[in-house]
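Below, each chain spelled out in residue letters.
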Amino acid sequence: MIKYKVFLNNGYEALGVDQKTITANEEVQTCDENALAREICHENPLIPEQVAKAVLENFCKAAAQLMSMGFAVQLKNGKDVALRMYPDIHVKGGNINLERARQLDPTVTELTVENAGDLVSKAGITVRVRAESCRKFTELLQSMDASVQRTGTEEREKVLMGDDDDDNNGGGNSGGGSNPGGGDTPGGF
């Protein structure tokens, strides 16, 4: 069962939202590799739970190693890609416009193919991991016929400029907590 909560939001000043809005966000618990390993063993009894757990415990390091070599990592359900992880590269400090280009190199008068590479080298790049869930993963979840249950309705105060309180911003992924099927190690991000 997937639980969710309904929120009556009284606006968000920084986003220019002055009217009331209603949103719904999931309330999820986080499982650890023990719970996922048990489910893998249920799906394929030829894979011992201990082996599945060892694979899961080493997955992130192995995926990061492959991404460091320029690969995207795809998890599939049969032949369908469900989740894709890859190294995501951006210009450090954001895109370069003419003003920023002049800060990086005062001799620049316009942005050209010839000077673009040097400007990016001067600014630097950032690399982070990006993960994208694919449509087939959503279809797989929906095929599980999971029920949903509303756990409550809550009113949120208007978020004013300068509010640093993340509890008022309508974010999802609340909850923390228990592991389905047993185990006592809470997970989390």
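Caption draft 1: Main features of the pattern of salt bridges. This structure, assessed with the given rule, holds nine salt bridges. Residue Lys5 pairs with Glu154 through a salt bridge whose shortest N-O separation is 3.2 Å. Of the two residues, Lys5 sits in strand β1 (residues 2–9) while Glu154 sits in strand β6 (residues 148–156), which places them 149 residues apart along the sequence. Residue classification places Lys5 among the buried residues on the basis of a relative accessible area of 19%. For the salt bridge of Asp105 with Lys122, the shortest nitrogen-to-oxygen distance reads 3.3 Å. Linking Asp105 in the loop between α3 (98–104) and α4 (113–123) with Lys122 in helix α4, this pair joins segments that are 17 residues apart in sequence. Of the residues examined, Asp105 reaches a relative accessible area of 18% and is grouped as buried.

Caption draft 2: Geometry of the sheet that holds strand β2 (residues 21–27). Taken in spatial order, the three strands make up an open sheet running β2-β1-β6, and their pairing is mixed. Two strands close off the open sheet at either side, each with one partner strand: β2 and β6. Here the strands of the sheet are splayed against their neighbours by 25 degrees on average, with no regard to which way each runs. Bridge analysis of β1 against β2 gives seven bridges, and the strand direction is antiparallel. Looking at the pairing, Lys3 lines up with Glu27 of β2.

Caption draft 3: Representation of the sheet that holds strand β3 (residues 73–77). Across the sheet, which stays open at both edges, the three strands sit in the order β3-β4-β5 with antiparallel pairing between neighbours. Where the open sheet ends on each side, the last strands, each with one partner, are β3 and β5 (125–133). Each neighbouring strand pair of the sheet contributes to a mean axis angle of 20 degrees, computed without reference to strand direction. Relative to strand β4 (residues 80–91), β3 runs antiparallel, the two sharing five bridges. Looking at β4, one finds that Leu75 is bridged to Leu83. Sheet contacts for helix α5 (residues 135–143): β3, β4 and β5; angle to β4, the most-contacted strand, approximately 140 degrees.

What counts, and at which threshold
- Residues numbered from 1 in each chain as written.
- Predicted model: local features only at pLDDT ≥ 70, side-chain atom pairs only at ≥ 80, totals over all residues.
- Heavy atoms only, no water.
- Salt bridge = Lys/Arg side-chain N within 4 Å of Asp/Glu carboxyl O.
- Helix = DSSP H or I, 4+ residues; strand = E, 2+ residues; numbered from the N terminus.
- Buried < 20%, exposed > 50% of the residue type's maximum accessible area, 1.4 Å probe, protein only.
- Pairing = 2+ DSSP bridges.
- Axes fitted to C-alpha atoms, helices over the stretch in contact; angles between N-to-C directions.
- Contact = heavy atoms within 4.5 Å.

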